[in-house]
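Here's the letter readout for the chains.
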Amino acid sequence: MSEESKKKIMFTVRKPPHGSIYVYEGLEVKLIMAAYDADISVVFMDDGVYALKAGQDTKELGIKGFEATYGVLVDYEIQKVFVDRQSMEARGLTEEDLLVIGEDEDTEEPIRPKMVDASEIASMMAEQHNILSF
Amino acid sequence: MLHTVNKSPFQNTALESCLRFTQSGDCILLLEDGVYGAVSGTAQSALVEGALAKKVKVYALGADMKARALKETIKGVEITDYAGFVDLVAANRVHSWL
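Residues numbered from 1 in each chain as written. Chains lettered and ligands numbered in written order. Predicted model: local features only at pLDDT ≥ 70, side-chain atom pairs only at ≥ 80, totals over all residues.

Engineer: Any chance you could explain the overall build of chain A here in plain terms?
Structural biologist: A tally of helices and strands in chain A yields four helices and seven strands. In sequence order, the secondary structure elements of chain A are arranged as β-α-β-α-β-α-β-β-β-α-β. With the principal axes as the frame, chain A shows a C-alpha extent of 45 × 35 × 30 Å. Within chain A, the proportion of its 134 residues that are buried is 31%. Considering only intrachain contacts with a sequence separation of at least 6, the fraction spanning at least 24 residues in chain A is 78%. (Helix = DSSP H or I, 4+ residues; strand = E, 2+ residues; numbered from the N terminus. Buried ≥ 20, exposed ≤ 12 C-beta atoms within 10 Å, placed from the backbone. Contact = placed C-beta atoms within 7 Å.)

Engineer: Hey, could you run me through the interface of chain B and chain A in this one?
Structural biologist: Frequently, the measure chosen for interface size is the accessible area removed from exposure when the parts meet. Every contact between the two is made by twelve residues of chain B and, on the other side, twelve residues of chain A. Among the elements of the structure, helix 1 (14-20) and strand 5 (94-97) of chain B are those that each provide at least two residues to the side of chain B that touches chain A. If one sorts the elements of the side of chain B that touches chain A by residue count, strand 5 of chain B sits on top with three residues. A class-by-class count of the residues in the side of chain B that touches chain A yields four nonpolar, six polar and two charged. (Nonpolar A, V, L, I, M, F, W, Y, C, P; charged D, E, K, R; others polar.)

Engineer: In this structure, what is going on with the pairing of strand 3 (residues 80-84) of chain A? I would like to understand it.
Structural biologist: For a regular strand, side chains alternate in direction, first toward one face of the sheet and then toward the other. Residue and element names in this part refer to chain A. Sheet analysis places strand 2 (residues 39-44) next to strand 3, joined by four bridges and oriented parallel. Within strand 3, the position partnered with F44 by the bridge is V83. As paired strands, strand 3 and strand 6 (residues 114-116) are joined by three bridges and run parallel to one another. Across the sheet, the residue bridging to V83 is M115, located in strand 6. (Pairing = 2+ DSSP bridges.)

Engineer: Can you help me understand the nonpolar core in this one?
Structural biologist: If you look at soluble globular proteins, the nonpolar side chains tend to sit buried side by side. Counting residues in each nonpolar core, the largest one holds 54 residues, and the members touching the most others are F44 of chain A together with I28, L30, A38 and V58 of chain B. Those residues within four positions of V58 of chain B in sequence are excluded, and the remaining contacts are I28, L30, A38, V48, A51, L52, G76 and V77 of chain B. (Core = buried A, V, L, I, M, F, W, Y, C linked by C-beta atoms within 7 Å.)

Engineer: Mind showing me how you'd approach the environment of D97 of chain A here?
Structural biologist: Residues and elements named next belong to chain A. Take D97: it is sitting in the loop between helix 3 (85-90) and strand 4 (102-103). C-alpha of D97 to C-alpha of E77: the two residues are 20 residues apart in sequence and 23 Å apart in space. Residue contacts for D97: discarding those within four places in its chain leaves K53 and A54.

Engineer: So what exactly am I meant to see when it comes to the sheet that holds strand 1 (residues 2-5) of chain B here?
Structural biologist: Hydrogen bonding along the main chain pairs the strands of a sheet, whether they run parallel or antiparallel. All names here are of chain B. Taken in spatial order, the five strands line up as 4-3-2-1-5 in an open sheet, and their pairing is parallel. The outermost strands of the open sheet, each flanked by one partner alone, are strand 4 (78-80) and strand 5. For this sheet, the mean inter-axis angle between neighbouring strands, taken without regard to orientation, is 25 degrees. Taken together, the four bridges between strand 2 (residues 27-30) and strand 3 (residues 57-61) define a ladder with parallel strand orientation. Paired with C27 across the strands is K57, a residue of strand 3. (Axes fitted to C-alpha atoms, helices over the stretch in contact; angles between N-to-C directions.)

Engineer: Which parts of the structure should I look at to understand the confidence of the model for chain B?
Structural biologist: When pLDDT drops low, the exact placement of atoms in the prediction is not to be read closely. Chain-level statistics for chain B give a pLDDT mean of 97 and a share of 100% at 70 or above. For this predicted complex, the interface score ipTM comes out at 0.81, alongside a pTM of 0.89. (pLDDT = per-residue confidence, 0-100.)

Engineer: What's the story with the environment of R14 of chain A in this structure? I'm lost.
Structural biologist: All names here are of chain A. Of note, R14 is situated in the loop between strand 1 (8-13) and helix 1 (22-35). In sequence terms R14 and S133 are 119 residues apart; their C-alpha atoms lie 7.7 Å from each other. Those residues within four positions of R14 in sequence are excluded, and the remaining contacts are M45, D46, D47, G48 and S133.

Listed below in structure tokens is the structure:
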């Protein structure tokens, strides 16, 4: 399928991880949709940025966690992963705090979500066929 | 773009966040507890007033306003009904600020 004919679907994540099932379920849906060859983008904003913090250890909660799954998003062809700069700054987070979503095929450099401004996110939203919020 | 907000601005930052990502020409529909954001003279009225000043169209669902006995709406907010809700959804891309 050509890039133009692909369905553009954006996921927004605004809830923190582990306090509810939203982030986990959202991740499942993203992976399923990616299998249908859609043009997927994911935007983390508000408390959703906490889902991208590296070093989450959920062992004592007795749940699997999803940092490992986030680590292979690029392998699932989900490369457009964005994080709202203002939400990061408001929570004292910087780019170095973010987990890795894959690695560059050629250089093997780790790929992290991209920090962008609200106006850029608003423009991307306007180009989507569908936006799903989690 | 249509942004829907169903949370009270006194309890949740959904409306505030929505406004950061809203561009001129977009519209916002306040429904369920979101309609508290459409009331004039409150500590949170400035949010919707700011949106209107940015040329964002703001609607509030009349059924939810009536159910909550809310009458004092911010000037410029348009009250709509379920049919209007459907028209807005049909005419726009939608993002729900849940």
